[in-house]
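Fold and geometry: a report
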Amino acid sequence: MTETLIRNGTVVSLDPEIGELDGADVLIEDGEIVEIGHGLTASNADVIDAEDHIVLPGFVDSHIHLWQTQVRGIAGDWSLMGDYFQDMLGNIAGLYQPEDMYLGNLFGSLEKLHTGTTTAMDWSHAINTPEHAERAVDGIKDAGLRALYAYGPPGNDAETWWFDSSTHHPEEHVKELRDDKIAEDDLLSLGVALRGPDFTTEEVARSDVELARELGVVATIHMGAAQWTSSEYNPDYQGFGAISDMLGPDVNVAHANHFSQEDIEHAVEQGVSFSATPEVEMQMGHGIPVTGKVLEAGGRPTWGVDVCSNVSGDMGSQMRIGLQVQRMLENQTLLEEGDEVMSVNLTARDTLEMATIEGARALNMEDEIGTLTPGKRADIVMIDASDFMTAPSHSPIQTAVFQSDPSHIDTVLVDGEVVKADGELRNSKVNEEFDRFVESGNRLIEEAGIDL
């Protein structure tokens, strides 16, 4: 048995029964949190000094395309309909080789860990061959990230796989990956990244969701992200359409900006989770994030980074931007009615929970991660609260959300294993594969003919 004792930290458990504890300890045995309290002892434990640190659950990114990591910095001025579909899905994705998938996922996962995200849903849609998926999974495994790998369509034939597609999800390949690569790894789980009724025929949309049910995995679907998917602009659009009767807690919807309030309420009643990616959505023309509609329906959205070729993988940015955009919209409504803004509804704790336990729930992992609770896995982040940019920390949650950045993520544990310590990743792959990673990105941009 291996033991680790995190000692004398400010513990923000996000577990309502445990709450926040000053000068507290967290005892970990074989990757599991076994006790949280004061004055804990363990004679054979590795001790981590957490004095002047905030100890909280690792962040959960509920929607990201890790494969795009080595082409980061090219999409900052792109729109969804004018650039992204054409240049990324219609060009660059088709140029990816299996080793490009490995390198993108490796360094995307390392960025996640470095910035405090311990779990991510990787929406992988450049699976040009089965080997592409295998190497993508290898990249996640070699980084040491906990992940739900959502197996998507190929990226080398946009006309076949997108835009009223009649082609079914690659069922045989998905099952092979599950059996050969994912079943053997405790940190990995399988999902399917589906195009849904926005991009396929009704028959295919239903069949793809049925495949996810057969496999017993999360179906995560891009829906409602473009203006033509709104009944306001397209009278023939019918919300969830062909899959309206197939919704449930095993369905995750990314974006959903143009769904009606009625559609959102129906989905929330069925237990559907929603991934809002506010920074990308605001830029690329998706529309207003779905946050407010989900909250009004009695649900809680989750946060995701989405397009890491566009924005950084830092979940702290999504927590802040998503929270403040929703506050701005609510405040503006009051101002337009002639009222003063006397309080805010969403709190710093709310957005932190959307980045942790709500993300875990979307991935069907809420019993394993998302809070610091005895019995859950030890996915833990420690934030340095003694830095001149974070001290004094009067409210640890507000310090974590508003005052810290990736430079303050001092220590990260995944399943009880320290993957970052003293501000540095412990993974040798950072240096070993860096040159290949850069070369991969340069080659892809050159072959794609992208003019920067």
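Model, not experiment: these values are computed from the prediction. (Residues numbered from 1 in each chain as written. Predicted model: local features only at pLDDT ≥ 70, side-chain atom pairs only at ≥ 80, totals over all residues. Heavy atoms only, no water.)

Let us now look at helix H1 (residues 80-95). Between the first and last C-alpha of H1 there are merely 20 Å, a value that for 16 residues lags more than 12% behind the 22 Å anticipated at 1.5 Å per step. All buried positions along H1 are accounted for by Leu80, Tyr84, Phe85, Asp87, Met88, Leu89, Ile92 and Ala93. At its buried positions, H1 is contacted by helix H4 (158-161), helix H8 (278-284) and helix H15 (434-448). In this structure Ser79 caps H1, since a side-chain oxygen of it lies 3.0 Å from the backbone nitrogen of Gly82. (Helix = DSSP H or I, 4+ residues; strand = E, 2+ residues; numbered from the N terminus. Expected span 1.5 Å × (residues − 1). Buried < 20%, exposed > 50% of the residue type's maximum accessible area, 1.4 Å probe, protein only. Contact = heavy atoms within 4.5 Å. Polar contact = N/O pair within 3.5 Å; in protein donor to acceptor, adjacent residues only side chain to side chain.)

Once that is clear, we can look at the packing of aromatic side chains. Per the stated rule, a full pass over the model turns up 10 aromatic pairs. Pairing Phe85 with Phe199 gives two aromatic rings, centres 6.1 Å apart and planes at 70 degrees, and the pair type is edge-to-face. Here Phe85, found in helix H1, pairs with Phe199, found in the loop between strand S9 (188-194) and helix H6 (202-215); they are 114 residues apart in sequence, far enough to count as distant. On the basis of relative accessible area, Phe85 is assigned to the buried category, the value being 17%. Between the aromatic rings of Phe107 and Phe437, the centroid separation amounts to 4.2 Å while the plane-to-plane angle is 20 degrees, which identifies the pairing as stacked. Within this pair, whereas Phe107 is found in helix H2 (residues 98-114), its partner Phe437 is found in helix H15, the two being separated by 330 residues in sequence. The burial state of Phe107 is the same as that of Phe437; both residues are buried. Three or more aromatic residues link up through ring pairs in this structure, and these residues are Tyr84, Phe85, Trp162, Phe163 and Phe199. Cation over ring: Arg135 sits above Tyr102, and NZ or CZ is 4.1 Å from the ring centre. (Phe/Tyr/Trp six-rings, centres within 6.5 Å; stacked < 30°, edge-to-face > 60°. Lys NZ or Arg CZ within 6 Å of the ring centre and 35° of its normal.)

It is worth spelling out the environment of Ile6 at this point. Mapping Ile6 onto the fold places it in strand S1 (residues 3-12). Ile6 sits 386 residues away from Pro392 along the chain, and the two C-alpha atoms are 21 Å apart. For Ile6, the residues in contact, after removing those within four places along its chain, are Ala24, Asp25, Val26, Ile28, Ile48, Ala50, Val55, Ile380, Met382 and Leu413.

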